[in-house]
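Each chain is listed here by its residues.
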Amino acid sequence: MNIARAELGAVKLEELRFDNRYGRLPPAFYSRLSPTPLPNPYLVAFNPAAADLIGLDREEAERAEFAEIFCGNRLLPGFDPLAAVYAGHQFGVFVPQLGDGRAILLGEATGALGRWDLQLKGAGKTPYSRMGDGRAVLRSSIREYLASEAMHALGIPTTRALAIVGSDQAVIRESIESAAVLTRMAPSHVRFGSFELFSSRRQHEHVRTLADYVIDQHCPQLRDARDPCLELLREVIGRTAKLVAQWQAVGFCHGVMNTDNMSILGLTIDYGPYGFMEGFDRGHICNHSDDGGRYAYNMQPRIAHWNLYCLAQALLPLIDAEEAESALGEYEEQFEQHYSAFMRAKFGLATEQAGDVALLQDTLKLLHDSRADYTTFFRRLGNFDSAAGADNAPLRDLFVDRDAFAAWAEGYRARLALEASTDNERRPRMDRANPKYVLRNYLAETAIRKAVDERDYSEIARLMRLLAYPYDEQPTMQAYAAPAPQWASALAVSCSS
Ligand code: AMP
Ligand code: MG
C-alpha cells in the first residue's frame, strides 16, 4: 500500500462503491443503456482533487483501465448506466422533451466525503439525442474541465470534473474535430427542467416523487417542514440568488441559462459558451449564437428569476400559487443582498454606508466606458494608496478618461475614510475577494490548441494548477493575469460543442 492510499484511505478502481438512487426512481425518469464504445481511448487530463472526493487512489489514473472505464468502454461492478429525461425552456421557448442526449450517469460513488454522481459527457447516443451524435469534442470538454475546477477554486458552487478521455474518432461540428469524454461529478444532476417535464405532462405523481427525492437525498433538513415542497422552492430560490450574485461579482457569464441548464442544487452546470468578463461591458454576450443577448451578463440575475418562475410553475401541483408567488418575490432582495455583500468585499468595505450603491454604479460606469479589465481592476484596487488618490498609476492606467478616474478615485478615497480601515489591513482582505487569475478565453484556447494540434496536454495541467489558487500571487505565473493578446481578440465561442 503506497502513502496516498494509506493517508486518504483511497481505494482502487475495482474497490469503489456505487449506488444509483436515481435509478430506483420510476422508469419514466430515465432510460437504462450502455455507453457507446470509444475507439482507442487515451487519458488527456486527470484531476486528483476530484479523485480525492470519491476516495479514489490518485495513482489509479496511471492504469490503462482508467481511460477504458472513464470513456464508458468498461463498466465497473455497481455501475447502473442511465440517461435522465427532462424538459426545459430554451431561449424562452418550452421544449417538451430534452434529456441527457450525450451524458450517461454511471451511478453514485459513495466514499468518506459523501456521494457523487459520476456522469460521462460525450458517451454516445441516448433516446434523448434528437439529431445529435451523442458525442462531445475535445475542445469543449477541455473548456468544461477547466472552468468547473476554476469556479470551484473561486468558491462558486459548481459541478466538478474528474478526467477527460480522448480518442481519434472524428466528430463533425463546424469543422471536423476529435471526440472526448468528460467525467463530471456532482451531488446531483437534477435540473429545473426535470420538474418541468412531468408537470407539463400532468404526471403530478412524478412531480411529487422527484420533489420528495430531492428533499430526501439533498435537503433532508426540509423533511419536517410544514410544507416541504414550498420550502424546497425557497431553498432553490435562495441558492440560485446566491449563485448568480457570485457569477456577477466574479464576472462569469454562463451563456446558455436555459431551464434545463439550471441545477436544482444551485450549482453552475453545463458549461458551454461561457466566458469570464475581461474588458468590462455590462451587456457582454459571451455566446456567439445568442443574437438577442437574452443571456447577456447584465441579464443573468433577471433570467435566473424568470427560470425560477418556470420551476415554481412546475411545482404548482404540489404548492399553493400565492405562497409560491410570495417566495419568488423574495428573490430580488436576496440577490441584491448577496451581490452587495460580495461587492463590498471586493471594494474592501467593512461597513454599509448610504452612498455604496452609487459608488458601485459609478465604478461600473467607469469600467464600462473604458472597457477596463474587470479582474485586473479589482485586483489592483487592493493596492489602492489612499494618500495618492488620483495618482494611483497602476489603476489610473486602465482608463481612457483620466479626469473621470480622478473624480472616481477621490470618491473612493473619501468612502474609505468613513471607516477605520488602513491600506495595509485592507490589502490582504481584498486579495482574498479579488482573484488575480481567472480562466480568460485565450488561456483556455491556448491549452486547447496545444492539445488538439500537438497532443500536448501540459498546458491543461498547468492551468489547473494555476486556477486552483486564483487568489494567490504566484509570482512565476504573472503572465497568465494579463489581458488577451492581439491574436485572441476575435475569438468567438458558440453553442457548438
Ligand atoms: P446543452 O445546451 O449542451 O446543455 O444541450 C442541450 C440539449 O441538447 C441537451 O439535452 C443535450 O443532451 C443535447 N445535446 C447537445 N449536444 C448533443 C450531441 N452532440 N448529441 C446529442 N445530444 C446533444
Ligand atoms: Mg444542457
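What you are looking at is a predicted structure, and each value in this text was computed from that prediction instead of being measured.

Reading the values: the criteria
Residues numbered from 1 in each chain as written. Chains lettered and ligands numbered in written order. Predicted model: local features only at pLDDT ≥ 70, side-chain atom pairs only at ≥ 80, totals over all residues. Heavy atoms only, no water. Buried < 20%, exposed > 50% of the residue type's maximum accessible area, 1.4 Å probe, protein only. Helix = DSSP H or I, 4+ residues; strand = E, 2+ residues; numbered from the N terminus. Arc of directions from axis to C-beta. Contact = heavy atoms within 4.5 Å. Salt bridge = Lys/Arg side-chain N within 4 Å of Asp/Glu carboxyl O. Near = heavy atom within 4 Å. Polar contact = N/O pair within 3.5 Å; in protein donor to acceptor, adjacent residues only side chain to side chain. Areas by Shrake-Rupley, 256 points an atom, 1.4 Å probe, with all protein chains shown as cover. Nonpolar A, V, L, I, M, F, W, Y, C, P; charged D, E, K, R; others polar. Core = buried A, V, L, I, M, F, W, Y, C linked by side-chain atoms within 4.5 Å. Domains from an automatic or database assignment. Axes fitted to C-alpha atoms, helices over the stretch in contact; angles between N-to-C directions. Parallel < 35°, antiparallel > 145°, perpendicular 65-115°, else oblique. Pairing = 2+ DSSP bridges. Phe/Tyr/Trp six-rings, centres within 6.5 Å; stacked < 30°, edge-to-face > 60°. Lys NZ or Arg CZ within 6 Å of the ring centre and 35° of its normal.

Every buried residue of helix 15 (residues 423-431) is accounted for by Asp-423, Arg-426, Met-430 and Asp-431. Buried residues along helix 15 cover an arc of 125 degrees about the axis, so they all sit on one side. Residues of helix 15 that are buried in the fold lie against helix 10 (331-347), helix 12 (374-381) and helix 14 (402-416).

Within the structure shown, the criterion is met by 40 salt bridges. For Glu-60, the salt bridge is made with Arg-63, and the minimal N-O distance between the two is 2.5 Å. Of the charged contacts in the structure, one is a salt bridge between Glu-473 and Lys-436, with a shortest N-O distance of 3.0 Å. Within this pair, whereas Glu-473 is found in the segment after helix 17 (458-467), its partner Lys-436 is found in the loop between helix 15 and helix 16 (441-454), the two being separated by 37 residues in sequence. One continuous salt-bridge network, built from bridges that share partners, spans Lys-12, Glu-14, Glu-60, Arg-63 and Glu-65.

Right, let's get into the site of ligand 1. The environment of ligand 1 is formed by 16 residues, the closest being Gly-99, Gly-101, Asp-133, Gly-134 and Asn-261. A distance of 2.6 Å separates an oxygen atom of ligand 1 from a polar atom in the backbone of Gly-99. At a separation of 3.2 Å, a nitrogen atom of ligand 1 approaches a polar backbone atom of Arg-135. For ligand 1, whose unbound accessible area comes to 480 Å², protein coverage reaches 81%. Here the shell around ligand 1 is composed, by residue class, of 2 nonpolar, 7 polar and 7 charged.

It is characteristic of soluble globular proteins that their nonpolar side chains tend to be buried jointly. Counting residues in hydrophobic clusters, the biggest one holds 159 residues, and the most contacted among them are Tyr-22, Leu-146, Phe-195, Trp-408, Leu-439 and Ile-460. Among the elements that make up this core, the one with the highest residue count is helix 7 (residues 228-250) (13 residues). No fewer than three residues from each of domain 1 (5-189) and domain 2 (193-341) sit in this core. Those residues in contact with Trp-408 that sit more than four places away from it in its chain are Leu-359, Asp-362, Thr-363, Leu-366, Phe-377, Leu-381, Phe-384 and Leu-395.

The subject of this paragraph is the packing of helix 10 against helix 11 (residues 356-370). Two elements in contact, helix 10 and helix 11, have axes separated by 11 Å at closest approach and are oriented at 70 degrees. As far as their axial angle goes, helix 11 and helix 10 are roughly perpendicular. Where helix 10 approaches helix 11, its residues Tyr-339, Met-343, Arg-344 and Phe-347 are matched on the opposing element by Asp-356, Leu-359, Leu-360, Thr-363 and Leu-364. Looking at the contact of helix 10 with helix 11 residue by residue, the classes come out as 6 nonpolar, 1 polar and 2 charged.

For a regular strand, the rule is simple: side chains alternate between the two faces of the sheet. Counting buried residues along strand 7 (residues 103-111), 8 of its 9 residues qualify, which places the element largely inside the surrounding structure. For strand 1 (residues 18-19) and strand 7, the ladder comprises 2 bridges, and the chain directions are antiparallel. Within the sheet, the bridge partner assigned to Asp-19 lies in strand 7 and is Glu-108. As consecutive antiparallel partners, strand 7 and strand 8 (residues 114-121) are separated by 2 residues.

A word on the side chain of Lys-346. Within the secondary structure, Lys-346 is located in helix 10. Setting aside its immediate chain neighbours within four residues, Lys-346 contacts Ala-249, Tyr-374, Phe-378, Leu-381, Met-430, Ala-433, Asn-434 and Pro-435.

Okay, the packing of aromatic side chains next. Per the counting criterion, the structure on display carries 30 aromatic pairs. Where Tyr-22 meets Tyr-213, the ring centres are 5.6 Å apart and the plane angle is 80 degrees; that geometry is what we call edge-to-face. Of the two residues, Tyr-22 sits in the loop between strand 1 and strand 2 (30-32) while Tyr-213 sits in helix 6 (residues 204-218), which places them 191 residues apart along the sequence. Taken as a pair, Tyr-22 and Tyr-213 share a single burial class, namely buried. Just above the ring of Tyr-274 sits the side chain of Arg-143; from NZ or CZ to the centre is 4.2 Å. Above the ring of Phe-378, the side-chain terminus of Lys-346 is found at 4.8 Å from the ring centroid.

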